[in-house]
Amino acid sequence: MIDICEPGGEQDVRWVLAGLRAAGELTLDGMPWGRFSHASGPADDMPAMLQALSQPDSARARRGLGELWDKARHQGVSETALAMAVPFLLQIAADPEVHGRDQVLKLAAEAGHRNHFGTDGRTDLFQVTDDPDELKIDGYGRPAVWTQQAAREVLTAEAAMLIRLLDDPNSLVRANAAYALATALSPPPEVQAAMRARLAVETYPPVRISLVLGLAQVTLERGDRDVMAWTGELWSGEGNSPDMRFAAALSWLCATTDSVPDRMRDLFVELPGSDLAAWMQEVPWTDDIASRGGLDAWLVSFLRKPPTA
């Protein structure tokens with residue numbers, strides 16, 4: 001039987017990372033990597049893996065990123081070392097010379113996310129962390145929610161950087177910046193304003209979808225029920241673009257326990273399938289839609305079980 005670690009102790013990644021941030025001691029070589037772990041054991045090799053991401057050779061950088069995903073986000077679960085790496089992942093993703101910046105940024109966001117285990121539904125598309133009552137722990141007795149909280153707190157602290165990335169020339173960086181901002185723990189009010197400002201000028205459909213989902217998620221988490229009116233107008237407005245209507249319909253469904261309106265079902269049938277399927281492949285909220293049988297199958301699964309009141 002594994003003993004659960006003491007909250008606030010030296011194995012509590014939330015406490016350790018917050019203390020290092022407060023002391024201004026976030027340096028790659030100064031982090032207590034060996035105190036924490038990834039899927040292959042103690043995380044002493046994290047600095048080397050993070051440094052590999054900035055390799056000028058794209059193939060080497062890609063291999064380094066693959067190794068980091070495999071060890072630190074192993075089988076869709078965030079290891080404690082990944083939370084410790086989030087400040088550095090964000091710095092790397094902000095460097096325009098880095099290869100694969102969008103995936104580096106996505107990894108930083110995924111550090112705060114639970115594993116959906118291949119399902120996306122109305123009940124969980126906007127659910128970021130595990131249920132604390134389930135008490136999922138790793139092999140060292142550290143609750144998964146500690147890792148998720150620590151990562152989300154870093155994303156909150158770096159909200160200004162992420163807001164700047166909403167205007168990045170790389171469209172996939174913009175999409176993942178919206179995802180990271182929606183993952184942050186209690187993001188500041190300027191996040192919503194920045195997302196709305198970007199949405200007003202954004203032209204690339206996957207980014208618009210991400211911005212609508214991000215805005216809806218952040219607004220819901222702040223307890224603002226006006227999200228229903230906003231997304232309702234957006235999905236039902238026939239003059240709005242198909243991508244924004246689809247994103248707003250998904251968001252509306254995540255915000256309510258109401259059944260799917262007939263008009264919305266018609267919308268899902270009418271929207272251009274091939275274009276929308278391609279767009280959704282670049283939206284970071286969902287699992288790999290292609291591996292789930294395509295967009296139509298994903299949508300059927302999404303609609304199958306409504307949220308409970």
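Structure: see above.
Residues numbered from 1 in each chain as written. Predicted model: local features only at pLDDT ≥ 70, side-chain atom pairs only at ≥ 80, totals over all residues. Heavy atoms only, no water.

### What about the layout of surface pockets?
Here is step 1 of the chain: Of the volumes computed, that of the largest pocket is approximately 540 Å³.
Here is step 2 of the chain: Forming the walls of the largest pocket are 30 residues, and the residues nearest its centre are Lys-106, Glu-110, Thr-286, Asp-287 and Asp-288.
Here is step 3 of the chain: Listed by contribution, the elements that provide at least two residues to the lining of the largest pocket are helix H5 (101–110) and helix H8 (171–183).
Here is step 4 of the chain: No other element matches the 4 residues that H5 contributes to the lining of the largest pocket.
Here is step 5 of the chain: Along the lines of polarity and charge, the residues of the lining of the largest pocket split into 9 nonpolar, 11 polar and 10 charged.
Here is step 6 of the chain: Approximately 300 Å³ is the volume attributed to the second largest pocket.
Here is step 7 of the chain: Along the walls of the second largest pocket sit 22 residues, with Val-77, Ser-78, Asp-130, Lys-136 and Ala-144 positioned nearest its centre.
Here is step 8 of the chain: Of all the secondary-structure elements, those providing two or more residues to the lining of the second largest pocket are strand E1 (37–38) and helix H6 (144–157).
Here is step 9 of the chain: The greatest single-element share of the lining of the second largest pocket, amounting to 3 residues, is contributed by H6.
Here is step 10 of the chain: Of the residues contributing to the lining of the second largest pocket, the split by class is 6 nonpolar, 10 polar and 6 charged. (1 Å grid on protein atoms, 1.4 Å probe; cavity = no way out; pocket = protein on both sides within 12 Å on 5 of 7 lines; lining within 4 Å. Points joined across faces, edges and corners; volume = space filled by probe spheres on them. Helix = DSSP H or I, 4+ residues; strand = E, 2+ residues; numbered from the N terminus. Nonpolar A, V, L, I, M, F, W, Y, C, P; charged D, E, K, R; others polar.)

### Examining the packing of H8 against helix H9 (residues 190–201)
Here is step 1 of the chain: Their axes nearest at 11 Å, the elements H8 and H9 cross at an angle of 155°. The orientation of H8 relative to H9 falls into the category roughly antiparallel. Between H8 and H9 lies a crossing of left-handed hand. When H8 is examined against H9, the residues Arg-174, Ala-178, Leu-181 and Ala-182 are found in contact with a partner set consisting of Val-191, Met-195 and Arg-198. (Axes fitted to C-alpha atoms, helices over the stretch in contact; angles between N-to-C directions. Parallel < 35°, antiparallel > 145°, perpendicular 65-115°, else oblique. Left-handed = near helix turned anticlockwise from the far one by under 90°. Contact = heavy atoms within 4.5 Å.)

### As for the side chain of Arg-101
Here is step 1 of the chain: Relative to the assigned elements, Arg-101 resides in helix H5.
Here is step 2 of the chain: Beyond its immediate sequence surroundings of up to four residues, Arg-101 is in contact with Ala-93, Ala-94, Asp-95, Pro-96, Leu-165, Asp-168, Asn-170 and Val-173.

### Observations regarding a negative patch on the surface
Here is step 1 of the chain: A surface patch of negative charge is lined by Glu-238, Asp-262, Asp-266 and Glu-270.
Here is step 2 of the chain: Looking at where Glu-238 falls in the secondary structure, it is placed in the loop between helix H11 (227–236) and helix H12 (242–254).
Here is step 3 of the chain: Look at Glu-238 and you get exposed, because its relative accessible area is 66%. (Patch = residues over 30% accessible without salt bridge, like charges linked within 9 Å, V, L, I, M, F, W, Y side chains within 5 Å. Areas by Shrake-Rupley, 256 points an atom, 1.4 Å probe, with all protein chains shown as cover. Salt bridge = Lys/Arg side-chain N within 4 Å of Asp/Glu carboxyl O. Lys, Arg positive; Asp, Glu negative; His and termini not counted. Charge placed at Lys NZ, Arg CZ, Asp CG, Glu CD. Buried < 20%, exposed > 50% of the residue type's maximum accessible area, 1.4 Å probe, protein only.)

### Observations concerning the packing of aromatic side chains
Here is step 1 of the chain: With the rule as written, the count across this model stands at 5 aromatic pairs.
Here is step 2 of the chain: Ring centres of Trp-298 and Phe-302 lie 5.2 Å apart, and the angle between their planes is 15°; on these two criteria the pair is classed as stacked. Note that Trp-298 and Phe-302 are positioned in helix H15 (residues 295–304) at a spacing of 4 residues, about one turn of the helix. Pair check on accessibility: Trp-298 and Phe-302 agree, each one buried.
Here is step 3 of the chain: One cation-aromatic arrangement involves Arg-196 over Trp-230; the distance from NZ or CZ to the ring centre is 5.0 Å. (Phe/Tyr/Trp six-rings, centres within 6.5 Å; stacked < 30°, edge-to-face > 60°. Lys NZ or Arg CZ within 6 Å of the ring centre and 35° of its normal.)

### Observations regarding the environment of Gln-91
Here is step 1 of the chain: The topology assignment puts Gln-91 in helix H4 (residues 80–93).
Here is step 2 of the chain: C-alpha separation for the pair Gln-91 and Glu-158, spaced 67 residues apart in sequence, amounts to 9.7 Å.

### With respect to the nonpolar core
Here is step 1 of the chain: One finds Leu-50, Leu-89 and Phe-246 to be the most contacted residues of the largest nonpolar core, which totals 98 residues.
Here is step 2 of the chain: Residue contributions to this core peak at 11 residues, all from H4. (Core = buried A, V, L, I, M, F, W, Y, C linked by side-chain atoms within 4.5 Å.)

### Things to note about the environment of Pro-169
Here is step 1 of the chain: By secondary structure assignment, the location of Pro-169 is in the loop between helix H7 (159–165) and H8.
Here is step 2 of the chain: Classification of Pro-169 by relative accessible area gives exposed; the value is 77%.
Here is step 3 of the chain: Residues Pro-169 and Pro-96, 73 residues apart in the sequence, show an inter-C-alpha distance of 9.2 Å.

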